[in-house]
Amino acid sequence: MTDYVKIFEGNFIIVQLIKTRLEDIGINPVIKDENESGRLSGFAGARLPEIFVHESEVDKALPIIESINNETEA
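First things first, this report covers the structure right here in the doc. (Residues numbered from 1 in each chain as written. Predicted model: local features only at pLDDT ≥ 70, side-chain atom pairs only at ≥ 80, totals over all residues. Heavy atoms only, no water.)

1. Examining the pairing of strand E3 (residues 50-54)
Convention followed: Any residue under 20% of the maximum accessible area for its type is buried, any over 50% is exposed, and the rest in between are partly exposed; the area is computed with a 1.4 Å probe on protein chains only. Strands here mean DSSP runs of E at least two residues long; helices mean DSSP runs of H or I at least four residues long; both are numbered from the N terminus. Any two strands with at least two DSSP bridges between them are considered paired.
With 4 of its 5 residues buried, E3 lies for the most part within the structure. Two strands pair when backbone bridges link them, and strand E1 (residues 4-9) and E3 are joined in this way by 5 bridges, in the antiparallel orientation. Residue pairing across strands places Val-5 opposite Val-53, the latter belonging to E3. Looking at chain direction, strand E2 (residues 30-32) and E3 are connected through 3 bridges and run antiparallel. Directly across from Ile-31, in E3, lies its bridge partner Ile-51.

2. Brief notes about the packing of helix H1 (residues 12-24) against helix H3 (residues 58-73)
We apply this condition: Each axis is a line fitted through C-alpha atoms, and for a helix only the stretch in contact is used; angles between axes span 0 to 180 degrees, taken between their N-to-C directions. The cut-offs work like this: below 35 degrees is roughly parallel, past 145 is roughly antiparallel, 65 to 115 is roughly perpendicular, and the gaps in between are oblique. Helix crossings fall into two classes, left-handed where the near helix is turned counterclockwise from the far one by less than a right angle and right-handed where it is turned clockwise. Contact between two residues is taken to exist if any of their heavy atoms lie within 4.5 Å; hydrogens are not considered. Gly is put with the polar residues, along with every residue not named as nonpolar or charged; the nonpolar set is Ala, Val, Leu, Ile, Met, Phe, Trp, Tyr, Cys and Pro, and the charged set is Asp, Glu, Lys and Arg.
The geometry of H1 relative to H3 is characterised by a closest axis approach of 10 Å and an angle of 135 degrees between their N-to-C directions. As judged from the angle between their axes, H1 and H3 are oblique. When you trace H1 past H3, the crossing you get is right-handed. Residues Ile-14, Leu-17, Ile-18, Arg-21 and Leu-22 of H1 form the contact with H3, whose own contacting residues are Ala-61, Ile-64, Ile-65, Ser-67, Ile-68, Glu-71 and Thr-72. In terms of residue class, the contact of H1 with H3 is built from 8 nonpolar, 2 polar and 2 charged.

3. Overview of the pattern of salt bridges
Basically, it comes down to this: Criterion for a salt bridge: a side-chain nitrogen of Lys or Arg within 4 Å of a carboxyl oxygen of Asp or Glu.
Considering all chains together, one arrives at 5 salt bridges under this definition. The residue Glu-71 makes a salt bridge to Arg-21 at a minimum N-O spacing of 3.0 Å. Taken together, the residues span a long stretch of sequence, with Glu-71 in helix H3 and Arg-21 in helix H1 at a distance of 50 residues. On the basis of relative accessible area, Glu-71 is assigned to the partly exposed category, the value being 41%. For Arg-21, a relative accessible area of 28% puts it in the partly exposed group. The salt bridge partner of Glu-50 is Arg-47, with a shortest N-O separation of 3.4 Å. For Glu-50, a relative accessible area of 5% gives the class buried. Owing to a relative accessible area of 41%, Arg-47 belongs among the partly exposed residues under this scheme. Through salt bridges with shared partners, one network takes in Lys-6, Glu-9, Arg-47 and Glu-50.

Next comes the structure, spelled out in structure tokens:
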């Protein structure tokens, strides 16, 4: 994943919202959720899910993150 950049880390609901909005504009994000992986293998974890996008899509993705951050702060 060397060509991918982490653009967000946060709660599952916000991650899903960002994922949907990114997909709406043609970006296919990679979600890394170690909690889910740990749960499925019988281990508990306290990490937040992360969103990664290809480095060529960062400029298009960041305004989505900013917009959602503004919505959730209101």
